[in-house]
Amino acid sequence: METITFFTGFNRRNFISRTARGIFAATLAPEIVRFAASAEPMGSPAPTPTSAAQGEPLPQDQRVGFALVGLGRLTQGQLLPAFRVSKRAKLTGLVSGDPAKAQKLAQENGVSTESIYDYKNFDRIRDNQDVQVVYVVLPNSMHADFTERSARAGKHVLCEKPMEVSLMKCQQMIDACRKAKVKLMIAYRIQYEPMNRAMQRMVRDKAFGPVKYIESDNGQRVEKMEWRLSKALSGSGAVGDVGIYCINTIRFLLGEEPMEVFARTFRPPSDPRFKEVDATIIWQMRFASGVLANCMCSFDTYDTKSYRAVAERGTFGMNPSFPYHGLKMFAKPEQPPPPQIAESDQFANELDHMADCVINGRQPYTPGEEGLQDQRIIEAIFESARTTRAVTLPRFDKLDPFRGPIPE
Ligand code: NAD
């Protein structure tokens, strides 16, 4: 598997020697194998433990079947194509409020008509043996309802970020999946993306000495009125939609949890887009090790998606860090240069991890508890902005208190 070479024993010295030998490019170049998604016949056998983790594409009849709930932009633009390059997942169901759209996408993606559901008859999915995982890709405030219904139907759940709109609903999702003994993974694609994982190793292995400071931003312009601008449907506007990348990635890089948050928000008074949610939010996070972080997110700025860590002897990061394509790493001093890592399909990586967890009975690397912790920080951001005071968060003494085993 391409990442193992890089993630074992990373430090500045072997970083220099490996880079000089050109090993990064050779060992990390992903092998992209394209498969046409095709529906399996009803009643195909449940997957059995395999050597899928070694990276070989599984034959269709051994793959884990996923149903997508919500056929909007993310599903059509990214997830349907990701099934075609996935090595362990296959698309076996679609759930939509729009029958014509569902029928068209089912035909184009090899899903049988019997495996199309709407929001009302969704619970019948319990009888569909071809579906092992339900992937929830709906507006944020609908995540808990479909997660709980999926768990009751005996299906594992992969749920888009942000997990939900309140701590209570996040906890309900965790409880429902635990009760039904099904897996719950939050779709934090950055944590499965090889360049961001390389950055994590540089932080954890102190490639430039201990990190002292991190800054991160994720801004874009939302031009049209849509659910993202509704408080009820989005929960937290730009913070849960884009700011969560800054929160989650900094936590992922450090493995630590923030002990304190301080925030400010801005909402232009006469702009109809920002009647219910803020336009721009800035916040700081303080970690027990002494690391300080500065973050910004917005629905009203030029596209900006980056982070930069400043360590004792250098600075490194990614710009851009969070888009679907074109990610770039940097490090200064430039000797050694950042590793050469080929682009991979971030959504296929994520699907394959979930499939691997189902096949081999593993806990996802980003389980429900990971999403709940981000929600706790999001709520602290709004409390701080409201009270203009720093908000203290619960302390967690161990690193990675919420993550499962590191993906292979
Ligand atoms: P979208 O608006 O394009 O699609 C939402 C889908 O939900 C549509 O098919 C719509 O018909 C359906 N829907 C059902 N009830 C609805 C309602 N009451 N209001 C609005 N739509 C309703 O949204 P999207 O961009 O696909 O986002 C879906 C989820 O995916 C969100 O949770 C979002 O945060 C997440 N997302 C994640 C990423 C990522 O990179 N991981 C990127 C984009 C979106």
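What counts and what doesn't
Residues numbered from 1 in each chain as written. Predicted model: local features only at pLDDT ≥ 70, side-chain atom pairs only at ≥ 80, totals over all residues. Heavy atoms only, no water. Near = heavy atom within 4 Å. Polar contact = N/O pair within 3.5 Å; in protein donor to acceptor, adjacent residues only side chain to side chain. Areas by Shrake-Rupley, 256 points an atom, 1.4 Å probe, with all protein chains shown as cover. 1 Å grid on protein atoms, 1.4 Å probe; cavity = no way out; pocket = protein on both sides within 12 Å on 5 of 7 lines; lining within 4 Å. Sits in = over half its atoms within 2 Å of the grid points. Helix = DSSP H or I, 4+ residues; strand = E, 2+ residues; numbered from the N terminus. Nonpolar A, V, L, I, M, F, W, Y, C, P; charged D, E, K, R; others polar. Axes fitted to C-alpha atoms, helices over the stretch in contact; angles between N-to-C directions. Parallel < 35°, antiparallel > 145°, perpendicular 65-115°, else oblique. Contact = heavy atoms within 4.5 Å. Expected span 1.5 Å × (residues − 1). Pairing = 2+ DSSP bridges. Core = buried A, V, L, I, M, F, W, Y, C linked by side-chain atoms within 4.5 Å. Buried < 20%, exposed > 50% of the residue type's maximum accessible area, 1.4 Å probe, protein only.

1. Points about the site of the ligand
Working step 1: In the vicinity of the ligand there are 22 residues, among which Arg73, Asn140, Arg189, Trp227 and Arg228 approach most closely.
Working step 2: Interatomic distance of 2.8 Å between a backbone N/O atom of Arg73 and an oxygen atom of the ligand.
Working step 3: A distance of 2.8 Å is found between an oxygen atom of the ligand and a side-chain nitrogen or oxygen belonging to Asn140.
Working step 4: Across the complex, the protein chains shield 79% of the 830 Å² of accessible surface that the ligand would expose by itself.
Working step 5: Taking a 2 Å distance to the grid points as the criterion, the majority of the atoms of the ligand fall inside the largest pocket.
Working step 6: The set of elements that each furnish at least two residues to the shell around the ligand consists of helix H4 (73-85) and helix H10 (238-254).
Working step 7: Its residues placed into classes, the shell around the ligand shows 12 nonpolar, 3 polar and 7 charged.

2. Structural notes on the packing of helix H7 (residues 167-180) against helix H12 (residues 368-387)
Working step 1: Interhelical geometry of H7 versus H12 gives an angle of 170° and a closest axis separation of 9 Å. Between H7 and H12, the angle is such that the two are roughly antiparallel. Listed contacts from H12 to Leu167, Cys170, Gln171, Ile174 and Arg178 of H7 are Gly368, Glu369, Leu372, Gln375, Arg376 and Glu379.
Working step 2: Here the contact of H7 with H12 is composed, by residue class, of 4 nonpolar, 3 polar and 4 charged.

3. Quick look at H12
Working step 1: Between the first and last C-alpha of H12 there are 29 Å, a value that for 20 residues agrees with the 28 Å anticipated at 1.5 Å per step.
Working step 2: In the stretch just after H12, Thr388 is the one whose phi turns positive, near 55°.

4. Focus: the sheet that holds strand E14 (residues 391-392)
Working step 1: With mixed pairing, 8 strands are arranged side by side in an open sheet as E13-E12-E11-E7-E10-E9-E8-E14. The sheet is open, and its two borders are formed by strand E13 (329-332) and E14, each paired with just one other strand.
Working step 2: In the sheet, strand E7 (residues 211-221) pairs with strand E11 (residues 300-311) via 9 bridges, with the strands oriented antiparallel. Counterpart to Gly219 in the pairing with E11 is Thr304.
Working step 3: With respect to the sheet, H10 is in contact with E7, strand E8 (258-266), strand E9 (280-287), strand E10 (292-298) and E11, its orientation differing from that of E7 by roughly 160°.
Working step 4: Sheet contacts for H12: E8, E9 and E14; angle to E8, the most-contacted strand, approximately 55°.

5. A look at the nonpolar core
Across soluble globular proteins, you tend to see nonpolar side chains buried next to one another.
Working step 1: Grouped together as the largest cluster of nonpolar side chains are 115 residues, with contacts concentrated most on Phe66, Leu68, Tyr135, Trp283 and Phe316.
Working step 2: It is H10 that contributes the most residues to this core, 11 residues altogether.
Working step 3: Once residues within four sequence positions are removed from consideration, Phe316 is found in contact with Met199, Met202, Val203, Phe208, Val211, Arg308, Ala309, Ala311, Phe330 and Ala331.

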